[in-house]
Amino acid sequence: MLGDPNDLTAADHLDAAREMTATNRPYLAHLLAEEAARRTAAPATAAAIRATFPAPAPTRTETD
């Protein structure tokens, strides 16, 4: 089992966001990046993180 989620760092969240981007999961990547930005003390760095992982469009494409 994983340890305490509060022990995860901004870098851990960014790594996970990159993995989600690589597997075409942009919404999860955005959420993880938001958490990384929240855990970042420097406002400029937090803004750069948010710019790198913008919120995806809320539209959904159905597939058969």
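Whatever comes next refers back to the structure up there.
Basis of the calculations
Residues numbered from 1 in each chain as written. Predicted model: local features only at pLDDT ≥ 70, side-chain atom pairs only at ≥ 80, totals over all residues. Heavy atoms only, no water. Helix = DSSP H or I, 4+ residues; strand = E, 2+ residues; numbered from the N terminus. Buried < 20%, exposed > 50% of the residue type's maximum accessible area, 1.4 Å probe, protein only. Contact = heavy atoms within 4.5 Å. Areas by Shrake-Rupley, 256 points an atom, 1.4 Å probe, with all protein chains shown as cover. Lys, Arg positive; Asp, Glu negative; His and termini not counted. Charge placed at Lys NZ, Arg CZ, Asp CG, Glu CD. Salt bridge = Lys/Arg side-chain N within 4 Å of Asp/Glu carboxyl O. Patch = residues over 30% accessible without salt bridge, like charges linked within 9 Å, V, L, I, M, F, W, Y side chains within 5 Å.

Peer 1: Please give an account of the overall build of the protein chain that cites residues and values.
Peer 2: Across its full length, the protein chain holds three helices and zero strands. Here the protein chain, with 64 residues, has 22% of them falling under the buried criterion. Expressed as a percentage of contacts within the protein chain between residues at least 6 apart in sequence, the contacts between residues at least 24 apart total 45%. Looking at the protein chain as shown, the accessible area adds up to about 5,000 Å², and 58% of this sits on carbon and sulfur atoms. A gap of 4 Å separates the mean positions of the 6 positive and 9 negative side-chain charges of the protein chain.

Peer 1: So, the pattern of salt bridges: which residues are in play, and what are the values?
Peer 2: A complete count under the given rule lists four salt bridges for this structure. The shortest N-O distance in the salt bridge between Glu-34 and Arg-50 comes to 3.2 Å. Taken together, the residues Glu-34 in helix 2 (residues 26-38) and Arg-50 in helix 3 (residues 43-52) connect sequence positions 16 residues apart. Accessibility expressed as a relative area gives 28% for Glu-34, which makes it partly exposed. Residue Arg-50 is classed as partly exposed on the basis of its relative accessible area of 36%. Arg-39 is the partner of Glu-35 in a salt bridge, and the nearest nitrogen-oxygen pair spans 2.7 Å.

Peer 1: An account of the side chain of His-13 is needed here, citing residue identities and associated values.
Peer 2: Looking at the element boundaries, His-13 is found in helix 1 (residues 10-22). With relative accessibility at 9%, the residue His-13 sits in the buried group. Apart from the residues within four sequence positions on either side, His-13 is in contact with Leu-8, Leu-32, Glu-35, Ala-36 and Arg-39.

Peer 1: Tell me what's going on with a nonpolar patch on the surface, and back it up with residues and numbers.
Peer 2: On the surface, Tyr-27, Leu-28 and Leu-31 cluster together into a nonpolar patch covering about 300 Å² of accessible area. With respect to the helices and strands, Leu-31 occurs in helix 2. Residue class for Leu-31 comes out partly exposed when judged on its relative accessible area of 40%.

Peer 1: With reference to specific residues and values, describe unusual backbone geometry.
Peer 2: Leaving glycine out, the prevailing phi sign among residues is negative, and the prevailing peptide bond configuration is trans. Phi is positive for Asn-24, close to 60 degrees, though the residue is something other than glycine. For Asn-24, the location among the structural elements is in the loop between helix 1 and helix 2. The class of Asn-24 is exposed, set by a relative accessible area of 66%.

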